[in-house]
Amino acid sequence: MKQEIPPTDRRKGPVRRLIAAPVIVLGLATLLYVATRPLGGGPQPSFYVIGSAVPGMQVGQIAPGSAQAPEVPRLALTDLDGARVTLADYSGRSIWLIFWKTACQPCDEEAADVAAAAAAHKKDGLIVLGVDLWDTAAVVRDYTASHTVSFPIAVDPTASFMRAYGVWGAPTHYFIDSAGIIQDRYFGPMTRDLIEESLRKVI
């Protein structure tokens, strides 16, 4: 004899699914929000996320690739013509290192403020160096042919700089003083006021 399922029991399945669906969606949204928050330095959201967030280099540490840092043979960049570039080339100068990518909307949003700050502090001997970790030199050359970029750009063909600095999103900024010490860092696009606040620590 077939046992009849009470009406209340038959309704439990759909009800549970109706309750579970929003909870799952909310949980995934919360996880995504937490996973994409930038770290440290009074951050703004970095909308171009490359991978899992990692702490990266800390303020007060010697900047990898600088003249004061231990020698790392593979920690070198190349310019858009393939010539070797190292931070040690700028020994004794303050360096503003900007990790970015051509297809990066936040990088475009801060471009005007970056250009203005770079021009204003050129007389102070400030070195502004863009490091593209994800594009080839050819892609960057095509980009700069149709976009004005206010600083020299290097590429990281071995991803050694990405690993050394723990970069996971663009833009990421490191401010290095003339002694090769990281004095500030920032994850996400910067405004002119934020840029000036960070530059005061290295100039």
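Worth saying up front: this structure is predicted, and the values here are computed from it rather than measured.

Trainee: I would appreciate a short explanation of the overall build of the protein in the present structure.
Mentor: Scanning the protein from N- to C-terminus turns up 5 helices and 9 strands. When its helices and strands are written in sequence order, the protein yields α-β-β-β-β-α-β-α-β-α-β-β-β-α. The buried share of the protein, taken over its 203 residues, is 39%. Sequence-distant contacts in the protein: of pairs separated by 6 or more residues, those separated by 24 or more amount to 70%. Only carbon and sulfur atoms are counted for the fraction: they give 60% of the accessible area of the protein, which is about 11,100 Å².

Trainee: Mind showing me how you'd approach the sheet that holds strand 4 (residues 95–100) here?
Mentor: Two modes of strand pairing occur in sheets, parallel and antiparallel, and in both the strands are linked by backbone hydrogen bonds. Taken together, 7 strands build an open sheet; the order of strands is 3-2-6-5-4-8-9 and the sheet is mixed. Each end of this open sheet is capped by a strand with a single partner; those strands are strand 3 (84–85) and strand 9 (182–187). Judged from the 6 bridges that link them, strand 4 and strand 5 (residues 127–132) form a sheet pairing that is parallel. Residue Phe99 lies in a different strand from strand 5, and its bridge partner there is Val131.

Each value, and the rule that gives it
- Residues numbered from 1 in each chain as written.
- Predicted model: local features only at pLDDT ≥ 70, side-chain atom pairs only at ≥ 80, totals over all residues.
- Heavy atoms only, no water.
- Helix = DSSP H or I, 4+ residues; strand = E, 2+ residues; numbered from the N terminus.
- Buried < 20%, exposed > 50% of the residue type's maximum accessible area, 1.4 Å probe, protein only.
- Contact = heavy atoms within 4.5 Å.
- Areas by Shrake-Rupley, 256 points an atom, 1.4 Å probe, with all protein chains shown as cover.
- Pairing = 2+ DSSP bridges.

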